[in-house]
Amino acid sequence: MDAGHPSGGPAGVAQQGDWSAGYPAGYPVVESDRLTRFVTRTHARTPRWVVPLAAVGCVAAGIGYTLLSDPTRSAPDALPTCLLKLTTGLDCPGCGGTRALWYVLHADLPAAARHHFLFVFALPFLAYLFVAWAGRQAFGWRLPELRIGPKLVGGFLAAWLAFSVVRNLPWAPFTALYV
């Protein structure tokens, strides 16, 4: 027996049936490197409200960019531009989303829906999910949860894909969706 390990095996190697180390038999226990220890220590010391605050900061930056850039008045080829639309002339699945956000921020929902209906439809749900998550993370709130299963997500993604295809069709009723 090796005195370096309580199970009698060599130090750093778990023995058959010894799961106290968390590794299956024969795998060496790897010590954490300095970066991993730093990240783990920082995570343990960070207040739980920091991540929701960072997410709010990112959302605020996006909203600020939208308000400052006024995408409704910029030229179609103004930077930054959509690479798919630039190369193919087709609207991508997200085309019109920034303009829709601009119109939502100015309380013009019909114009926002005209630019990206699914974005306007999903926005209240996304906002509620964010508030519920951030409230639970930062303050321990328990808001009623929306039950969003894989079938609902798949249905929404299928509708988004259909919307992306339909808005690029060159025939009469579908050309109204072109942005």
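See above for the structure.
Residue positions within a chain follow its written sequence, with the count starting from 1. Totals for whole chains, interfaces and linings use every residue, but because this is a predicted model, local features are given only for residues with pLDDT of at least 70 and side-chain atom pairs only at 80 or more, for both listing and counting. Side-chain metrics rest on all non-hydrogen atoms present in the structure, leaving aside hydrogens and water.

A separate point is the packing of aromatic side chains. Here is the rule: rings of Phe, Tyr and Trp (six-membered ring for Trp) pair when centre to centre is within 6.5 Å. Planes less than 30 degrees apart are stacked, more than 60 are edge-to-face, and the remainder are tilted. The final tally for this structure, using the stated rule, is six aromatic pairs. A ring pair is formed by Trp102 and Tyr103, whose centres lie 5.4 Å apart and whose planes are at 85°; its orientation type is edge-to-face. No difference in accessibility class separates Trp102 from Tyr103, as the two residues are buried. Ring centres 6.3 Å apart and planes at 50° place the aromatic pair Phe156 and Trp160 in the tilted group. Remark: Trp160 and Phe156 occur in helix α7 (residues 150-166); sequence separation between them is four residues, near one turn of the helix. Aromatic ring contacts, followed pair by pair, group Phe117, Phe121 and Phe125 into a single cluster. Remark: exposure states derive from per-residue accessible area (1.4 Å probe, protein chains only) relative to the maximum for the residue type, with buried under 20%, exposed over 50%, and partly exposed in between. Segments assigned H or I by DSSP are reported as helices when at least four residues long, segments assigned E as strands when at least two residues long, and all are numbered from the N terminus.

For helices, the fitted line uses only the C-alpha atoms of the stretch in contact; every axis is such a line through C-alpha atoms, and the angle between N-to-C directions lies from 0 to 180 degrees. Axis separation between helix α2 (residues 50-69) and helix α6 (residues 117-139) bottoms out at 8 Å; the angle between their running directions is 145°. Contacts between α2 and α6 involve Val51, Pro52, Ala55 and Val56 from the first element and Phe130, Trp133, Ala134, Gln137 and Ala138 from the second. Broken down by class, the residue content of the contact of α2 with α6 amounts to eight nonpolar, one polar and no charged. Should any heavy atoms of two residues lie within 4.5 Å, those residues are considered in contact. Ten residue types, Ala, Val, Leu, Ile, Met, Phe, Trp, Tyr, Cys and Pro, are classed as nonpolar, four, Asp, Glu, Lys and Arg, as charged, and the remainder, Gly among them, as polar.

Once that is clear, we can look at a nonpolar patch on the surface. The residues that make up patches have over 30% relative accessible area and no salt bridge, and they are joined within 9 Å when like-charged or within 5 Å when they are Val, Leu, Ile, Met, Phe, Trp or Tyr. Only the protein chains shown count as cover for residues, and all accessible areas are computed by the Shrake-Rupley method using a 1.4 Å probe. Any carboxyl oxygen of Asp or Glu that lies within 4 Å of a side-chain nitrogen of Lys or Arg is treated as forming a salt bridge with it. A cluster of nonpolar side chains, Phe117, Phe121, Phe125, Leu126, Leu129, Leu146, Ile148, Leu152, Val153, Leu157 and Trp160, forms an exposed patch at the surface whose accessible area comes to about 980 Å². Mapped onto the nonpolar patch, the elements with two or more residues apiece are α6 and α7. Ranked by the residues each element gives to the nonpolar patch, the list is headed by α6, at five residues. Note that Leu146 resides in the loop between α6 and α7. Taking the relative accessible area as the measure of exposure, Leu146 reaches 35% and is therefore partly exposed.

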